[in-house]
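Survey of secondary and tertiary structure
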Amino acid sequence: MAIRLATLPVDEVKVLAGVVGFPRWAGDVTVDDALIDHHLANDDLIEPDDSRDPNAPIPAAEHAGRVAWLVRHVARDGCSLTLRDGRIQDGNHRLAAAMYRGDALIRVCFMD
């Protein structure tokens, strides 16, 4: 399997991944600006937790809390994600944070 790294415009990555609006998670759950705004305003931030099951469905509010943590703690244009076969394998929350902030760039690991 070949791995290629690149830094690309967020809008280009959205097209490559087929993402319209914010990413969607299991159960077709997504977030919006208002939900992320609410979590930021209330400091309801959920930091990354490597022990959680990444495939377990969680409600939109928890996704928004995770995105809000990234918005607050990751440098602008500092998010990254992994793409494989045109799908995001890892990084939906980071992409959502970059989109919410209006970041210009995102780092991408392509797994071919």
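Residues numbered from 1 in each chain as written. Predicted model: local features only at pLDDT ≥ 70, side-chain atom pairs only at ≥ 80, totals over all residues. Heavy atoms only, no water.

**Considering helix α1 (residues 10–17)**
Among all positions of α1, only Val 10, Val 13, Lys 14 and Ala 17 are buried. Viewed along the axis of α1, the buried residues span an arc of 105°, placing them on a single side of the element. Residues Asp 11 and Val 15 are exposed on α1 and point more than 90 degrees away from its buried face. Tucked inside the fold, the buried residues of α1 contact β1 (3–9), β2 (80–84), β3 (87–90), α4 (92–101) and β4 (105–111). (Buried < 20%, exposed > 50% of the residue type's maximum accessible area, 1.4 Å probe, protein only. Helix = DSSP H or I, 4+ residues; strand = E, 2+ residues; numbered from the N terminus. Arc of directions from axis to C-beta. Contact = heavy atoms within 4.5 Å.)

**Topic: the packing of aromatic side chains**
To describe a pair of aromatic rings, one takes the distance between the centres and the angle between the planes. Applying the stated criterion to the full structure yields zero aromatic pairs. The residue whose ring lies beneath Arg 4 is Phe 110, and the NZ or CZ to ring-centre distance is 4.1 Å. (Phe/Tyr/Trp six-rings, centres within 6.5 Å; stacked < 30°, edge-to-face > 60°. Lys NZ or Arg CZ within 6 Å of the ring centre and 35° of its normal.)

**What to know about the nonpolar core**
One finds Val 13, Ile 36, Leu 81, Leu 83, Leu 95, Ile 106 and Val 108 to be the most contacted residues of the largest nonpolar core, which totals 27 residues. Going through the elements one at a time, α1, α2 (33–41), α3 (60–73), β2, α4 and β4 are the ones with two or more residues in this core. The contact partners of Ile 36, leaving out residues within four places of it in the chain, are Phe 22, Val 31, Ala 64, Val 67, Ala 68 and Tyr 100. (Core = buried A, V, L, I, M, F, W, Y, C linked by side-chain atoms within 4.5 Å.)

**Some points on the confidence of the model for the protein**
Keep in mind that low pLDDT regions are not for reading the predicted coordinates in detail. Of all residues in the protein, 100% attain a pLDDT of 70 or more, and the chain-wide mean is 94. Here β3 stands out as the least confident element of the protein, with mean pLDDT 94; α2 is the most confident, with 98. (pLDDT = per-residue confidence, 0-100.)

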